[in-house]
Amino acid sequence: METTPTRNENGTSGSTRRNLLGAGALMGTLGLLTACTTPPGGSTAGAGGGAGAGAEGSTEFTDAVKKLVNGRTLQVGFTPPVLSEYYTQMENAAFTRMAQLEDLYGVKWKWEKSSPTGNFNAVEQQISTVQTWTSRKFDVVFICTGANFATMQGVYKNAMNAGTKIFQFNQPVELYPVDQINTVSNIGYDNRTQSGYVAGKYIADTLKGKGKIVQIMGPAGSDWTKARLIGFNQAMSENPGIEVVGTADGGYLRDKGLTAAQDLLTRHPDINAIYGENEDMALGASQAVDAAGLKQWDGSQGIVIVGADGLLSGMDAIRNGKLTATVDVNSVDNAIRMIDTAFQSVVLNNYVPKISNITTHLVTKDTVEAYAAYINGIMAPKKKY
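In this report, we go over the structure that sits alongside the text. (Residues numbered from 1 in each chain as written. Predicted model: local features only at pLDDT ≥ 70, side-chain atom pairs only at ≥ 80, totals over all residues. Heavy atoms only, no water.)

## Description of the sheet that holds strand β9 (residues 273–276)
Note on sheets: strands pair through backbone hydrogen bonds, and any given pair is parallel or antiparallel. Here 6 strands make up an open sheet; going across it, the order is β8-β7-β9-β10-β11-β14 and the pairing mixed. At either margin of the open sheet sits one strand with a lone partner, and together these are β8 (242–249) and β14 (361–363). Pairs of neighbouring strands in the sheet enclose a mean axial angle of 20°, with direction left out of account. As judged from the 3 bridges shared by β9 and strand β10 (residues 304–309), these two strands associate in the parallel manner. (Pairing = 2+ DSSP bridges. Helix = DSSP H or I, 4+ residues; strand = E, 2+ residues; numbered from the N terminus. Axes fitted to C-alpha atoms, helices over the stretch in contact; angles between N-to-C directions.)

This is the structure we're talking about:
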């Protein structure tokens, strides 16, 4: 099995300016705040509309940060690889956090979104988008892309040299040497240990170490597929009684996941579980299981179906017995960390981690209400940009 060494996540990048806040003081405070929690020293921010409901320190601290911000406006570009439910959840969480920082410190935001049309592999559009935003002197670009790693590093380097700060999000950077990544920071999670392995272990534990699995994966060559398979294969190696009998490409789309699952079920009607590398493909597989007249897992028998993303529609499916579990890769904290990191780096000139990993969650019927509520808390931000 391919292995990748564990990396230190505390490598830093940023300006040389040291100010009142220091390299980590505000980041430590900001990192504790989410859309649905109580800021230190503040009042509870209600779900959805609670942005700016409480301070993040003393009045003197807030006033000092306001002076450093000095009413600055950030021009921000947000470019996900596709327009999807997951990235809508991220955008709402970003808006929630942006409004909080605006209320607290006076920072203003101009937000522009652009995503490739057609499919996940329409990467030329994203390259053009980053180049256009760079020529327009954007302060920040947040990007998640299916484009070739080496190609994008050149694009990022040119943007950074021109003064536009690049922040990757939700990207499998664990596959590449940190010193080859030409960005300020990379916010996400480790697809090997925090997604693929979690899904594989859950399936193996649920089947008590014995059974047959089919996999529905993303496009051939996708970095997410490579990384998640490293973790998934590790879980399989720890459970030799589990056999992977078939794999198909589901293109990260629900309809393609349905077609892939139908083909796999025709060839392997006696399977015990389906691993959908992302949630849309897993939900497509769920439709295929129902259409074939097969039983979904009820806690003791049926076909176990596991995905990964953390979509509200997926959580509804878990409630309704149409998805056994999912690995929620945490759209909310990912977006909040993105905004905080850009604020730290660009506005306050502080040092930020080159690799910044968030927490992921295993969502089952036992935990779905908590994690659905966490996401729902940001779905109606008080302000959109």
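## Quick word on the sheet that holds strand β13 (residues 355–357)
Pairing is parallel in the open sheet, where 6 strands are placed in the order β3-β2-β4-β5-β6-β13. Edge positions in the sheet fall to β3 (108–113) and β13, since each has one partner strand and no second. Across this sheet, the average inter-strand angle for adjacent strands is 20°, counted without regard to direction. Looking at chain direction, strand β5 (residues 165–169) and strand β6 (residues 185–188) are connected through 3 bridges and run parallel. Bridge pairing in β6 places Q168 opposite N186. Against the sheet, helix α3 (residues 85–105) touches β2 (73–79), β3 and β5, its axis set at about 165° to β3. (Contact = heavy atoms within 4.5 Å.)

## Topic: the pairing of β5
Every regular strand shows the same layout, with side chains that alternate between the two sheet faces. For β5, the buried fraction is high: 4 of the 5 residues fall into the buried class. Pairing of strand β4 (residues 140–143) with β5 involves 4 bridges; the strand directions are parallel. Note on β5: the bridge partner recorded for V140 is K165. The handedness of the β4 to β5 crossover, carried by helix α5 (residues 149–161), is right-handed. (Buried < 20%, exposed > 50% of the residue type's maximum accessible area, 1.4 Å probe, protein only. Right-handed = clockwise from strand over helix to strand, strands pointing away.)

Fair warning: the whole summary comes from geometry, so function is off the table for now.
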